[in-house]
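# A structural walkthrough
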Amino acid sequence: MNRFERIPKAELHVHLEGAIPLDTFWELIEERGGDPSVPDRDSLRERFRYRDFPHFLETWTWKNGFLRDHAAFERIAEAVARNLHSQNILYAELHFSPSDFHRFGLETGRIAEAVRAGLNRAPETETALILDLVRDGGPERALHRVAEAAELKDLGVIGIGLGGTEAEHPPEPFAPAFEEARRRGLRTTVHAGEGAGPESVRGALEALRPDRIGHAARAAEDPGVLDLLALRRVPVEACPGSNLRTGVIPRLAAHPIRLFLDRGVPVSVNTDDPALFGNSLAGEFAALEEEPGFPLDRIHSLILKGIRSSWLPRERKREMETRFRADPAWSA
């Protein structure tokens, strides 16, 4: 156990469907008749190794094929929540992508109900939900997803995100969906600078005006985009381990997180899809301490930025930060 496992933490960029504990996912595979490509748990782990980002997206689609009913979502949500609690993650904003499962006849509202029921079985970690519009469906469907998200606030849906195939679907056409989200009182975030270059980050910032931006790893390729991030102070949901495993960056030291911090860009550290990448939030902080050589006080600052960049009400942020600092593990 590294010391960051004991320290209280928050996570803002983690996908429910990418955080299913391996044992739970293996049980789902077996219950659905198995899959010749993964005859055992070891081969399942190997399946979660990626040549590049497109290969990761292919694997994501394959994995989703085992989530075919509402009961599966209730089950995985409980398993994910218990796993978050085991890591002393006290607050998490979980992305989920209901439109990926409409092909199985599942409805967005029923998926959200199942997810919330599962999360409520493990209430030790406070959770909120971010509905992913999935850019592959196009701008018109994204507008429909926004309307669905607005109807699900009582289930803890507090915002929308824009994931999917970034290189093929630039951000600009989704501006009406983001404007409608703001009109309906939803918070906004967007994946950019992961599957496409710095022009995607610029487009997201200028056209969508998001509250946060996910990844932004390739923003470092264009000084002007870095300047824009710094000027607007849009919080970045950094996912260093994810970017390393999908080939977005060649090594951890190449991640621009230090550059963001030096420019004054608010940054939180996140896992993205921990079950698919074999990482953990504690492991992310341990890696940052080792390779970029971040001192403990900088890592403490990054942990607190997770709360400050969250979509909790201001008073709750203060309460949570006080709780973090008061924990015996904080200064151990």
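Preceding this paragraph is the structure being described.
Here goes a summary of the coordinates provided. Along each chain, the written sequence defines residue order, and numbers are assigned to residues from 1. Local features in this predicted model are restricted to residues of pLDDT 70 or higher, and side-chain atom pairs are both shown and tallied only at a pLDDT of 80 or more, whereas totals for entire chains, interfaces and linings draw on every residue. With hydrogens and water excluded, all non-hydrogen atoms of the structure serve as input to the side-chain values.

## Focus: the sheet that holds strand β7 (residues 236-238)
When DSSP finds at least two bridges between two strands, those strands are taken to pair. Only DSSP runs of H or I covering at least 4 residues are called helices, and only runs of E covering at least 2 are called strands; the numbering of each starts at the N terminus. Ordered in space as β1-β2-β3-β4-β5-β6-β7-β8, the eight strands form an open sheet in which the pairing is parallel. Looking along the sheet, the strands with just one partner apiece sit at the ends: β1 (9-15) and β8 (267-269). The average angle at which neighbouring strand axes cross in this sheet is 25°, direction not considered. Inspection of the sheet shows strand β3 (residues 126-132) paired to strand β4 (residues 157-161) by four bridges, in the parallel sense. Angular values range over 0 to 180 degrees, each being the angle between N-to-C directions of two axes fitted as lines to C-alpha atoms, with helices fitted over their stretch in contact.

## A word on helix α6 (residues 108-120)
A helix is expected to span 1.5 Å multiplied by its residue count minus one. Along its 13 residues, α6 runs 18 Å from first to last C-alpha, staying within 8% of the 18 Å computed at 1.5 Å per residue. When a residue's accessible area, from a 1.4 Å probe over protein chains only, is under 20% of the maximum for its type it is buried; when over 50% it is exposed; and in between it is partly exposed. Buried within α6 we find T108, I111, A112, A114, V115, R116, G118 and L119. Buried positions along α6 lie against α5 (70-86), β2 (89-96), β3 and α7 (139-150). Note on contacts: a residue pair is in contact if any heavy atoms of the two residues lie within 4.5 Å.

## What to know about the nonpolar core
Nonpolar core, defined: a set of buried Ala, Val, Leu, Ile, Met, Phe, Trp, Tyr and Cys residues in which side-chain atoms within 4.5 Å join the residues together. Ranked by size, the top nonpolar core spans 102 residues in total, and within it F73, I213 and L229 carry the most contacts. Considering every element that reaches this core, the biggest residue donor is α5, with seven residues. When near neighbours in sequence (up to four residues on either side) are disregarded, F73 contacts L16, E17, L67, F101, L106, I111, A114 and V115.

## Observations regarding the environment of A142
Tracing the backbone shows A142 in helix α7. Each C-alpha atom of the pair A142 and L162 lies 8.8 Å from the other, and the pair is 20 residues apart in sequence. Non-local contacts of A142, meaning those with residues more than four positions away in its chain, are made with L133, F174 and A177.

## Quick notes on helix α10 (residues 223-232)
Regarding α10, the residues found buried are V225, L226, L228, L229 and A230. Among the structural elements, α9 (198-208), β6 (212-215), β7 and α12 (257-263) are those in contact with the buried residues of α10. Throughout this description, a polar contact denotes any pair of N or O atoms lying within 3.5 Å of each other; where both atoms belong to protein, one of them has to be capable of donating a hydrogen while the other can accept it, and for residues adjacent in sequence the pair is counted only when both atoms sit in side chains. Of the residues that open α10, the one with a side-chain oxygen 2.8 Å from the backbone nitrogen of G224 is D222. Positive phi appears at R233, one or two residues downstream of α10, with a value of about 50°.

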